[in-house]
Number of protein chains: 4
Amino acid sequence: MAIRTVEEYKQSIRDDRVVYFRGERIKDVTEHPFMQITLSQMALDYIVANDPKYRDLFVDEDENGEPMRFLHKPERTTEDLLRRREIVQLMARMGFGIPGGSNTTGKDALNAIAVVCDRMDRQTGSNYRERVEAYRQRLLKEDPAVIGAVTDIKGDRGLRPSKQVPHQDYYVRVVDRNKDGIFVSGAKAHISLAPLANEMICIPCRRHKEEDKDYAVVFSVPCNAKGITMISTDHEIDDIDNTFDYPYSSSIFFADAIVIFDNVFIPNENVFMDGEWKYSGDMAYAFGNSHRLFADSYKYVELEILAGAAFLIAEYNGLERVSHVQDKLAWLTMYCEAEEALAEQACVKPVQDPGSDLVYPNPMYSNIAKFFFAENYHQAMKNVQDIAGGLVCTVPSSKDFFNPETRELMEKYLTGKHGIQAEDRMRAFRLIKDLTSAWHGTLTIHGEGSLATQRMSILALADVERYKAAARRVARIKSDKEHPLYEGLLDYPPKV
Amino acid sequence: MAIRTVEEYKQSIRDDRVVYFRGERIKDVTEHPFMQITLSQMALDYIVANDPKYRDLFVDEDENGEPMRFLHKPERTTEDLLRRREIVQLMARMGFGIPGGSNTTGKDALNAIAVVCDRMDRQTGSNYRERVEAYRQRLLKEDPAVIGAVTDIKGDRGLRPSKQVPHQDYYVRVVDRNKDGIFVSGAKAHISLAPLANEMICIPCRRHKEEDKDYAVVFSVPCNAKGITMISTDHEIDDIDNTFDYPYSSSIFFADAIVIFDNVFIPNENVFMDGEWKYSGDMAYAFGNSHRLFADSYKYVELEILAGAAFLIAEYNGLERVSHVQDKLAWLTMYCEAEEALAEQACVKPVQDPGSDLVYPNPMYSNIAKFFFAENYHQAMKNVQDIAGGLVCTVPSSKDFFNPETRELMEKYLTGKHGIQAEDRMRAFRLIKDLTSAWHGTLTIHGEGSLATQRMSILALADVERYKAAARRVARIKSDKEHPLYEGLLDYPPKV
Amino acid sequence: MAIRTVEEYKQSIRDDRVVYFRGERIKDVTEHPFMQITLSQMALDYIVANDPKYRDLFVDEDENGEPMRFLHKPERTTEDLLRRREIVQLMARMGFGIPGGSNTTGKDALNAIAVVCDRMDRQTGSNYRERVEAYRQRLLKEDPAVIGAVTDIKGDRGLRPSKQVPHQDYYVRVVDRNKDGIFVSGAKAHISLAPLANEMICIPCRRHKEEDKDYAVVFSVPCNAKGITMISTDHEIDDIDNTFDYPYSSSIFFADAIVIFDNVFIPNENVFMDGEWKYSGDMAYAFGNSHRLFADSYKYVELEILAGAAFLIAEYNGLERVSHVQDKLAWLTMYCEAEEALAEQACVKPVQDPGSDLVYPNPMYSNIAKFFFAENYHQAMKNVQDIAGGLVCTVPSSKDFFNPETRELMEKYLTGKHGIQAEDRMRAFRLIKDLTSAWHGTLTIHGEGSLATQRMSILALADVERYKAAARRVARIKSDKEHPLYEGLLDYPPKV
Amino acid sequence: MAIRTVEEYKQSIRDDRVVYFRGERIKDVTEHPFMQITLSQMALDYIVANDPKYRDLFVDEDENGEPMRFLHKPERTTEDLLRRREIVQLMARMGFGIPGGSNTTGKDALNAIAVVCDRMDRQTGSNYRERVEAYRQRLLKEDPAVIGAVTDIKGDRGLRPSKQVPHQDYYVRVVDRNKDGIFVSGAKAHISLAPLANEMICIPCRRHKEEDKDYAVVFSVPCNAKGITMISTDHEIDDIDNTFDYPYSSSIFFADAIVIFDNVFIPNENVFMDGEWKYSGDMAYAFGNSHRLFADSYKYVELEILAGAAFLIAEYNGLERVSHVQDKLAWLTMYCEAEEALAEQACVKPVQDPGSDLVYPNPMYSNIAKFFFAENYHQAMKNVQDIAGGLVCTVPSSKDFFNPETRELMEKYLTGKHGIQAEDRMRAFRLIKDLTSAWHGTLTIHGEGSLATQRMSILALADVERYKAAARRVARIKSDKEHPLYEGLLDYPPKV
């Protein structure tokens with residue numbers, strides 16, 4: 001059991017991986033200026049775990065007194081769920097709303113295979129738990145940067161995986177096998193941090209039917225495995241050293257990659273599902289559930305920042321006492337704090353499979369919390385832009401502010417309310433512009449599953465019989481069987 | 001210490017109180033057909049407390065083994081808050097979404113005077129706690145039906161209480177005093193259950209300035225005190241025996257009254273504030289906070305019923321598989337379950353004044369939960385009506401259904417999906433009509449404080465310095481003092 | 001050609017029609033107190049047409065100088081469409097937001113058969129136009145009260161008409177025929193005014209496939225025809241003489257009926273479609289289009305009333321200067337006036353089939369205008385209730401106001417802002433309660449077709465190729481064929 | 001009278017104007033790569049006016065047969081308003097949603113001074129009309145690029161112009177005068193196109209009281225006048241040659257400038273208001289009204305593009321038949337087409353001051369149309385992003401597409417629905433990202449006046465007496481004077 005240093009981590013990813021960005025193959029991801037943003041985000045995990053101030057939160061000891069990363073351990077109690085929340089929120093407060101780290105989605109994937117392999121073994125007699133446990137031990141020992149890779153690149157949304165044309169590799173699948181393992185092809189999309197991770201756990205992104213059982217495959221694979229090509233997304237900006245004009249974009253880059261698998265070999269010990277199509281949906285769902293709670297946790301911090309930007313600019317503009325501005329500030333506060341309450345309830349009321357010693361977040365609340373922030377985010381962006389005013393669009397570059405010829409004029413005219421520094425106000429406008437981008441809007445809707453996904457999950461989890469019983473009671477509609485909460489209640493209204 | 005019987009309760013309110021309804025003075029409220037609806041609601045408290053099945057939830061024992069109503073006891077822990085929630089929700093499930101009982105708003109008023117008198121004593125050296133304690137002992141001993149009376153009838157919303165014209169009685173105030181007590185005049189509005197309660201605790205509904213200190217008065221008073229006139233609101237329907245066509249309105253009536261005080265004498269021992277204008281807002285706010293949690297609790301059940309009505313009618317209409325209907329059902333589920341999570345967090349994270357042994361619900365969450373249901377209720381009504389269809393408007397009377405001449409035709413044509421009974425479907429339409437009324441819409445907005453009130457409270461509770469610190473960190477705006485959560489964090493992005 | 005008197009109209013509906021209401025068969029609809037409300041609404045058409053002050057708007061002269069009701073004439077110009085709008089809005093201003101009259105939906109049905117029979121004849125060589133013309137001449141001569149009957153009662157929404165179980169009469173259909181005509185069975189729902197009309201034009205409410213061609217039938221039939229049973233909807237209130245407490249409900253009652261056809265004979269001259277299943281959708285759509293414009297027209301007046309109620313109560317409460325109240329008043333104004341603009345554009349830009357001399361309202365705008373008011377109505381109700389306050393729920397009965405014992409107290413305490421009469425304020429609360437009912441909410445969504453219907457219509461009418469061309473131009477995506485508006489434009493940006 | 005060529009226009013702005021951009025003073029705005037984007041936009045006016053295909057729409061002839069730019073002429077009829085709409089929409093279809101041109105806001109400013117000077121002369125006996133007419137003749141003769149400059153940079157929003165601290169130049173004002181003219185100081189913000197215009201018409205942005213009468217000043221001034229400094233806003237992107245990844249941003253740049261006046265001399269003939277503080281609001285309002293109609297016109301095209309992007313990507317993703325996607329497409333269509341209807345009504349029902357020969361757009365409709373698109377824009381962005389999916393965030397750079405090493409993989413995996421080109425789909429994602437930016441969101445809210453401004457205008461224009469009369473009629477509330485539309489109507493319900 002061990003905790004890596006930053007230097008060890010950096011060294012570990014200099015491994016001839018195939019990463020493309022803006023039309024070029026990157027030689028060493030640790031030396032590339034854009035990838036260094038991502039590197040900083042991910043390295044934070046190794047920094048804090050080695051920092052005496054934070055170590056206790058991140059690191060436990062094994063029976064030999066050796067350090068073990070808490071995040072690699074199984075979740076068995078509400079306290080475990082809340083501790084991860086605390087980690088995520090601390091990292092997000094450090095990381096500008098984003099919980100930097102090397103094990104963000106990887107933790108969710110590890111949770112998913114733990115819960116579902118446990119379930120498969122109990123229900124089908126399979127023997128995946130041992131593999132998961134062996135895998136977990138390796139993680140605890142090596143402390144690698146491991147991520148989840150879930151969303152397939154898909155093709156035509158109206159067709160199942162095996163019915164796609166002109167080829168069937170839009171979803172990752174088993175294309176061949178031998179006694180030692182399987183060979184997979186296909187592509188995953190939106191794989192955050194992949195270009196700088198050590199390995200990834202691949203999980204299907206949907207339910208499957210029997211005809212698609214080749215797609216029912218879960219495995220772990222090194223990011224530099226033969227046959228893997230990663231094409232990173234473009235970055236939002238070019239001028240990444242300019243933290244004044246791009247306070248957020250200069251510091252945050254997920255390097256979300258399209259990860260293409262061309263006949264990649266996976267040894268058996270790294271395979272955690274192989275054809276059990278009935279459990280594909282469970283895997284996707286278990287990952288989504290854990291990952292939504294993760295999102296619900298850091299979004300609280302992101303909304304703190306967004307609300308803070310609104311409060312700051314309201315003050316800078318001299319608008320704090322204006323009624324409609326106050327209504328919007330109250331709304332932003334409500335939006336932020338409700339998110340916290342909803343997500344925390346997912347930990348306070350966790351769920352445990354019968355016979356299992358693992359817990360997972362209450363899926364009703366984890367989904368609601370995700371839905372809630374994604375459903376309302378554009379309204380929040382609108383409110384912040386509304387309070388801030390047109391200078392969000394039209395503020396000059398900071399270069400004009402630092403140009404001695406124009407500095408004085410800008411100091412004179414961009415102050416807003418008396419006593420406010422023009423520089424601070426410019427920074428606030430730039431922050432708001434950077435925080436209310438198309439990137440943020442889209443990420444909020446689609447990150448951790450689209451709104452449609454949450455709707456489906458919420459509906460599937462709805463306690464419909466309870467609701468119907470409640471309505472029937474008032475309407476005096478009889479029913480053969482009643483929901484326990486509505487059974488045997490006193491007649492109403494009572495005769496008095 | 002004792003628990004009353006229903007009969008004792010009924011007897012206790014045959015006391016010459018002055019109650020008007022629909023243009024007539026009611027002789028005996030226990031015998032009036034409309035008031036009997038209210039009586040049933042209120043009597044439920046006495047029924048369940050005497051029912052072995054429920055007794056443990058409602059009744060504790062004192063040191064002598066005598067029964068004490070839990071609701072009259074002070075709240076000191078999260079468990080106390082959650083136990084009240086359990087009580088409220090059980091009563092609401094029995095009571096068609098409304099937590100019948102004789103101590104609903106009274107409990108909130110008792111909480112308010114307990115918390116604020118405790119605070120006043122600690123901060124000003126006053127000695128109200130003893131009076132509160134003596135009052136509480138009397139409640140435990142007599143088990144009366146006690147309600148809160150908060151909202152003044154107001155006049156011109158743009159003027160303070162003492163500036164109203166043509167008179168200054170729009171808010172209840174002290175008009176005279178002697179050594180034994182005070183005399184009060186004025187009027188309260190929307191006082192639910194007042195015509196059938198034993199006594200009411202009167203509390204100001206707003207902050208005051210020194211000029212309005214006569215209005216800073218809190219007291220308890222019997223409902224039949226000399227000088228009190230109650231004018232009950234009208235009821236929604238006339239045909240209160242028709243539970244088919246009016247399943248809700250036939251069974252629920254709050255008898256909300258305008259309560260007019262004409263020089264009513266209040267002995268000193270029942271006065272809990274008298275001129276301490278700086279604490280008027282605290283009283284209003286403490287009542288509101290407790291009362292909002294109460295509402296947040298029963299609204300969950302009310303939303304169960306509303307969601308249930310939607311699921312039922314979707315099934316009856318054969319629409320369960322239609323995509324936009326499913327989206328609406330998912331939304332209703334989310335609406336309902338989010339309400340539960342938000343309110344429960346108010347109990348899980350209660351607040352305690354420094355030096356006090358009392359807790360109260362976390363006001364951020366109690367306000368958010370109230371805001372959330374009130375802000376979205378009209379959308380919910382729209383969704384339910386949309387799924388149900390035009391027959392909500394145009395369904396014939398149940399009398400036609402029971403008329404042999406038309407019965408067969410109605411059985412033939414009103415069935416909807418095959419296998420559904422026409423009668424059940426008619427009942428469902430009637431339920432939806434009864435649940436989506438102007439009364440419901442308005443109650444949801446204004447009951448337990450208007451949306452504007454929650455906005456103000458939420459804004460006042462916002463941790464603005466934390467939000468600003470969050471935004472400043474990303475924007476790189478310096479500040480002299482930082483919020484603890486954002487102080488001393490590692491620099492970001494870290495240099496690696 | 002002639003215009004009837006009210007007396008002639010009343011006499012014409014004393015004809016042994018079979019009408020049930022609240023469990024009883026009505027002997028003479030003109031003498032029944034509830035039906036008299038409907039009678040008043042419908043008679044208005046005969047009153048105004050005989051009133052010199054209004055006659056010119058309602059009545060034209062034929063070549064012999066005899067009076068002809070304008071509403072029975074074909075619509076050929078924008079001016080015709082605008083004149084009908086003027087009529088509808090005048091009637092709505094008289095009729096409390098509802099355009100009373102005997103030819104409201106009948107006019108829309110007449111428009112539908114005129115336009116679609118014309119189209120069928122041109123496209124299929126049929127010969128329906130003569131029948132329509134003969135029918136129109138009879139209407140002009142007899143001036144009867146004629147209504148449209150469109151919505152079938154449906155059964156399982158997931159099944160086509162001929163696939164329903166346990167019977168196939170959920171949609172009206174031809175069940176038999178002889179050389180003189182056809183026999184129809186089935187049921188229509190929500191047929192407003194049917195119990196007091198002379199005849200109704202029945203039209204399918206949906207598209208059909210060939211298997212359902214028996215349901216592709218359009219005809220006119222007297223309301224007292226043998227085999228027709230009408231079951232009226234229940235009314236909102238019992239106390240219909242109480243115009244103080246129920247200002248709207250005491251005066252408006254549509255008597256929406258379920259109209260059941262049991263082997264009703266229709267002579268050939270009254271049949272306007274018989275098996276032409278390809279045109280079923282056209283009929284439904286043409287009726288809907290005309291009827292939506294009708295709705296868009298009177299809704300403007302209804303929204304005037306709703307906005308007016310909000311302005312009145314804001315003033316009465318002393319809230320006119322409060323910022324959030326002003327925002328809501330501005331929103332209500334916008335809502336009201338946008339409705340007018342959208343609907344008027346449907347007249348300003350009418351559509352004409354190639355080869356036809358008839359026009360019809362621009363369906364894009366008629367649908368948008370309907371969608372716009374229905375989509376936002378619950379928000380409007382919420383805004384009005386929010387401004388009004390809780391007394392909408394809790395105001396006492398007017399009987400208390402007229403009771404001398406309580407009159408003085410109510411005058412003292414219910415005035416609101418100084419100078420306002422308590423009576424006026426009570427009337428305003430009652431108006432708002434009566435205007436924001438479940439009935440209003442549901443009517444707004446489902447009357448004239450549900451929101452889903454408008455969405456489908458709007459999407460079907462979308463000029464998708466224009467939109468795509470617009471996007472392709474900016475994205476530089478090439479296409480083989482371009483939309484005319486985007487074809488041959490100068491390159492952009494131009495090289496300068 | 002004359003129409004300039006592009007070359008003449010370019011030559012005319014090489015005039016030593018003081019323009020800063022990204023920290024440097026620009027020597028020749030016509031040669032600067034970023035300013036060339038703006039130059040292209042503005043030059044379009046000169047291109048089309050000299051293009052035989054479009055000339056008739058843009059150019060009229062004077063009595064001598066010489067060409068006159070239509071846009072410089074006064075608006076006297078609905079046809080004039082509609083012709084401008086046609087011009088704006090054609091330019092917007094050419095210009096990627098933005099109506100390129102050299103006289104966009106200038107036209108609105110010219111309209112404002114024409115209408116308000118006319119009004120001032122009629123009401124106060126002033127003599128500004130002659131100056132306006134002389135100015136107009138010069139525009140017609142020289143055909144310069146003239147813009148409006150309205151929004152002052154403001155300081156503390158809670159203080160009036162003359163009360164600002166630490167200086168009073170946050171709003172442009174007269175600081176000195178001599179017999180030949182006035183001297184002005186202060187700053188305007190968000191002045192689109194200013195760095196490449198010939199002159200600007202400056203107008204106050206708010207009402208004034210007498211104490212602020214130095215701020216009640218309207219004038220025209222050349223952009224290179226002594227004492228004027230312009231600081232352009234930053235641009236969204238750096239890589240302006242990359243039309244694939246930034247299809248919109250590479251082609252559209254407003255060069256919105258902060259324009260600072262330091263004791264700038266304005267000769268009397270260019271002054272159109274000087275101290276008439278009562279008319280400041282009229283000027284702001286008249287400009288706003290004309291400018292909102294301008295916006296309402298081009299926004300229709302912008303929404304075409306946005307809707308088109310949604311339809312394209314729905315098709316590319318294979319989602320056209322998915323119910324919730326269709327609902328969103330229907331909504332976008334409604335949003336787009338309603339905008340057209342609302343704005344057109346502002347032309348169809350123009351307003352004319354008594355005694356004036358000028359018309360202006362109906363301000364109720366011009367404001368509603370602006371409010372409507374700004375209120376709903378974030379919802380539209382959300383819908384488009386929702387349909388498009390996460391690749392809006394994570395699509396790789398086009399450079400990877402054109403890199404032979406990755407081209408094949410991208411062709412294989414980014415196609416979406418079979419038959420779609422990966423390149424087209426990538427372009428569509430990039431378009432959506434570029435169209436749903438923070439810049440777009442903020443521009444939509446604040447361009448042409450904020451939502452709060454429209455709310456105020458709509459409320460000020462509300463026909464409150466009509467609304468109240470409508471409500472009183474139903475509620476039976478008596479009033480001394482009635483609105484004409486509600487006066488003398490027949491009693492309702494009529495006695496029949």
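Residues numbered from 1 in each chain as written. Chains lettered and ligands numbered in written order. Predicted model: local features only at pLDDT ≥ 70, side-chain atom pairs only at ≥ 80, totals over all residues. Heavy atoms only, no water.

All names here are of chain C. Spatial ordering of the open sheet is given by S5-S8-S9-S12, a layout of four strands whose pairing is mixed. Strands at the two margins of the open sheet, each flanked by one partner only, are strand S5 (146-149) and strand S12 (271-274). For this sheet the average axis-to-axis angle between neighbouring strands, irrespective of direction, equals 20°. Here strand S9 (residues 217-222) pairs with S12 via three bridges, running antiparallel. Within S12, the position partnered with valine 217 by the bridge is aspartate 274. The strands touched by helix H5 (residues 104-124) within the sheet are S5, strand S8 (199-202), S9 and S12, with S5 carrying the most contacts at an inclination of about 65°. (Pairing = 2+ DSSP bridges. Helix = DSSP H or I, 4+ residues; strand = E, 2+ residues; numbered from the N terminus. Axes fitted to C-alpha atoms, helices over the stretch in contact; angles between N-to-C directions. Contact = heavy atoms within 4.5 Å.)

With that settled, the discussion passes to the interface of chain A and chain B. Each side of the interface is counted separately: chain A has 84 residues, and chain B has 84 residues. The largest per-residue losses of area from chain A upon contact with chain B belong to Tyr467, Tyr492 and Val496 of chain A, which jointly make up 11% of the total buried on that side. Counting across the chain A and chain B interface gives eight salt bridges. Here lysine 349 of chain B ties to glutamate 344 of chain A by a salt bridge, and the two come within 2.8 Å at their closest N and O atoms. Counting across the chain A and chain B interface gives 32 residue pairs in polar contact (both at pLDDT 80 or more). Take the side of chain A that touches chain B: its biggest share by element is 15 residues, from helix H8 (residues 323-348) of chain A. (Buried area = accessible area lost by both parts, 1.4 Å probe. Salt bridge = Lys/Arg side-chain N within 4 Å of Asp/Glu carboxyl O. Polar contact = N/O pair within 3.5 Å; in protein donor to acceptor, adjacent residues only side chain to side chain.)

Here we come to the relation of the copies chain A and chain B. Between chain A and chain B, which share one sequence, the superposing operator has a rotation angle of 180° and an axial displacement of 0.0 Å; the RMSD is 0.0 Å. Taken together, the turn and the small shift mark the pair as related by a two-fold rotation axis. Relative to the rotation axis, the C-alpha of leucine 342 of chain A is the closest in chain A, positioned 3.0 Å from it. Interface overlap between copies: 100% of the residues of chain A at the interface are likewise at the interface in chain B, consistent with a symmetric, same-surface contact. (Least-squares fit on C-alpha atoms with pLDDT ≥ 70 in both.)

The tally for this structure, following the rule as stated, stands at 188 salt bridges over all chains. Residues aspartate 234 of chain A and arginine 430 of chain D are paired through a salt bridge, measuring 2.6 Å at the closest nitrogen-oxygen approach. Placement of aspartate 234 of chain A in the loop between strand S10 (228-232) and strand S11 (257-267) and of arginine 430 of chain D in helix H13 (residues 422-435) is noted, with the two residues assigned to different chains. Here the salt bridges share partners, and the residues they tie into one network are Asp118, Arg119, Asp121, Arg122, Arg129, Asp282 and Asp353 of chain A.

Bringing the packing of helix H14 (residues 438-446) of chain A against helix H9 (residues 363-388) of chain D into the picture now. For any two helices packed against each other, the geometry comes down to the angle between their axes and how far apart the axes lie. For the pair H14 of chain A and H9 of chain D, the least separation of the axes is 9 Å and the interaxial angle reads 60°. When the axis of H14 of chain A is compared with that of H9 of chain D, the two are oblique. Where H14 of chain A crosses over H9 of chain D, the handedness of that crossing is right-handed. In this structure, H14 of chain A contributes Ala438, Gly441, Thr442, Ile445 and His446 of chain A to the contact, and H9 of chain D contributes Lys382, Gln385 and Asp386 of chain D. (Parallel < 35°, antiparallel > 145°, perpendicular 65-115°, else oblique. Left-handed = near helix turned anticlockwise from the far one by under 90°.)

A few words now on the side chain of asparagine 383 of chain B. All names here are of chain B. Tracing the backbone through its elements, the reader meets asparagine 383 in helix H9 (residues 363-388). Given the relative accessible area of 5%, asparagine 383 is considered buried. Contact partners of asparagine 383, with chain neighbours within four places excluded, come to Lys328, Trp331 and Leu332. (Buried < 20%, exposed > 50% of the residue type's maximum accessible area, 1.4 Å probe, protein only.)

The next subject is the confidence of the model for chain A. Residues shown with low pLDDT carry predicted positions that ought not to be read at fine detail. Summary statistics for chain A give a mean pLDDT of 96 and a share of 100% for residues scoring 70 or more. Across the assembled chains, the prediction reports ipTM 0.96 with pTM 0.97. (pLDDT = per-residue confidence, 0-100.)

Residue and element names in this part refer to chain B. Cis geometry is adopted by the peptide bond preceding proline 166, which originates at valine 165 and carries an omega value of 0°. Although it is not a glycine, aspartate 16 sits at a positive phi angle of roughly 65°. Tracing the backbone shows aspartate 16 in the loop between helix H1 (6-12) and strand S1 (19-21). Aspartate 16 gets classed as exposed once you look at its relative accessible area, which sits at 68%. Positive phi, normally seen in glycine, also occurs at leucine 193, with a value near 70°. Relative to the elements of secondary structure, leucine 193 occurs in the loop between strand S7 (181-191) and strand S8 (199-202).

With 321 residues, the main nonpolar core has Met200 and Phe261 of chain C together with Met200 and Phe261 of chain D as its most contacted residues. Ignoring anything within four residues of it in the chain, the contact list for methionine 200 of chain D reads Ile147, Ala149, Ile191, Phe219, Ser220, Val221, Cys223, Ile228, Val259 and Phe261 of chain D. (Core = buried A, V, L, I, M, F, W, Y, C linked by side-chain atoms within 4.5 Å.)

Moving on, we get to the sheet that holds strand S11 (residues 257-267) of chain D. Taken in spatial order, the six strands make up an open sheet running S2-S1-S10-S11-S7-S6 (chain D), and their pairing is mixed. Taken across any chain shown, the strands that pair with only one partner, and hence form the sheet edges, are strand S2 (24-25) and strand S6 (173-178) of chain D. Here strand S7 (residues 181-191) of chain D pairs with S11 of chain D via eight bridges, running antiparallel. Bridge pairing links glycine 186 of chain D to phenylalanine 261 of chain D in S11 of chain D. The sheet strands contacting helix H12 (residues 404-413) of chain A are strand S1 (19-21), S2, S7, strand S10 (228-232) and S11 of chain D, and the helix crosses S10 of chain D at an angle near 85°.

Before going further, it helps to examine the domain arrangement of chain A. Residues and elements named next belong to chain A. According to the domain assignment, chain A consists of domain 1 (6-282) and domain 2 (287-461). Using only C-alpha atoms to locate each centre, domain 1 and domain 2 end up separated by 26 Å. Every contact between the two is made by 41 residues of domain 1 and, on the other side, 42 residues of domain 2. In this assembly, domain 1 packs against domain 2 so that about 3600 Å² is buried in total across both faces, 60% of it on carbon and sulfur atoms. Per-residue buried area on domain 1 facing domain 2 is highest for Leu81, Arg85 and Phe244; these three make up 21% of the total on that side. Among the salt bridges present, the one from aspartate 353 reaches arginine 122, with a minimum N-O distance of 3.5 Å. (Domains from an automatic or database assignment.)

Turning our attention to the packing of helix H7 (residues 280-316) of chain A against helix H13 (residues 422-435) of chain A. Residue and element names in this part refer to chain A. Where H7 contacts H13, the axes come no closer than 10 Å and their chain directions differ by 145°. The handedness of the crossing between H7 and H13 is left-handed. Counting all contacts with H7, which are made through Ile305, Leu306, Ala309, Ile313 and Tyr316, the residues of H13 involved are Asp424, Arg425, Ala428, Phe429, Leu431, Ile432 and Leu435. Partitioning the contact of H7 with H13 into residue classes produces 10 nonpolar, no polar and two charged. (Nonpolar A, V, L, I, M, F, W, Y, C, P; charged D, E, K, R; others polar.)

Here the focus is the pairing of S10 of chain A. Residues and elements named next belong to chain A. With five of five residues buried, S10 lies mostly within the body of the structure. Because side chains alternate across S10, one face comprises the buried residues Ile228, Met230 and Ser232, and the other comprises Thr229 and Ile231, equally buried. Where strand S1 (residues 19-21) meets S10, two bridges bridge the pair, whose relative direction is parallel. What sits directly across from valine 19, in S10, is methionine 230.

A full pass over the atoms with the stated rule returns 74 aromatic pairs over all chains. Summarising the aromatic geometry, the rings of phenylalanine 219 of chain B and phenylalanine 261 of chain B are spaced 6.0 Å apart at their centres and angled 90° between planes, so their arrangement reads as edge-to-face. Of this pair, phenylalanine 219 of chain B sits in strand S9 (residues 217-222) while phenylalanine 261 of chain B sits in strand S11 (residues 257-267), and the two are 42 residues apart along the sequence. In this pair, the class of phenylalanine 219 of chain B matches that of phenylalanine 261 of chain B, namely buried. Judged by centre distance (6.4 Å) and plane angle (35°), the rings of phenylalanine 244 of chain C and phenylalanine 401 of chain C are tilted. (Phe/Tyr/Trp six-rings, centres within 6.5 Å; stacked < 30°, edge-to-face > 60°.)

Considering the arrangement of structural elements, one finds threonine 333 of chain B in helix H8 (residues 323-348). You can call threonine 333 of chain B buried: its relative accessible area is 0%. Excluding anything up to four places from it in sequence, threonine 333 of chain B contacts Met364, Ile458, Ala462 and Tyr467 of chain A together with Phe311 of chain B.

Glancing now at the environment of methionine 283 of chain A. Residue and element names in this part refer to chain A. Within the secondary structure, methionine 283 sits in helix H7. A C-alpha to C-alpha distance of 33 Å links methionine 283 and leucine 435, two positions 152 residues apart in sequence. In this view, methionine 283 contacts Ala112, Ile113, Val116, Cys117, Met120, Ile203, Pro204, Val218, Phe272 and Met273; residues no more than four positions away in its chain are not counted.

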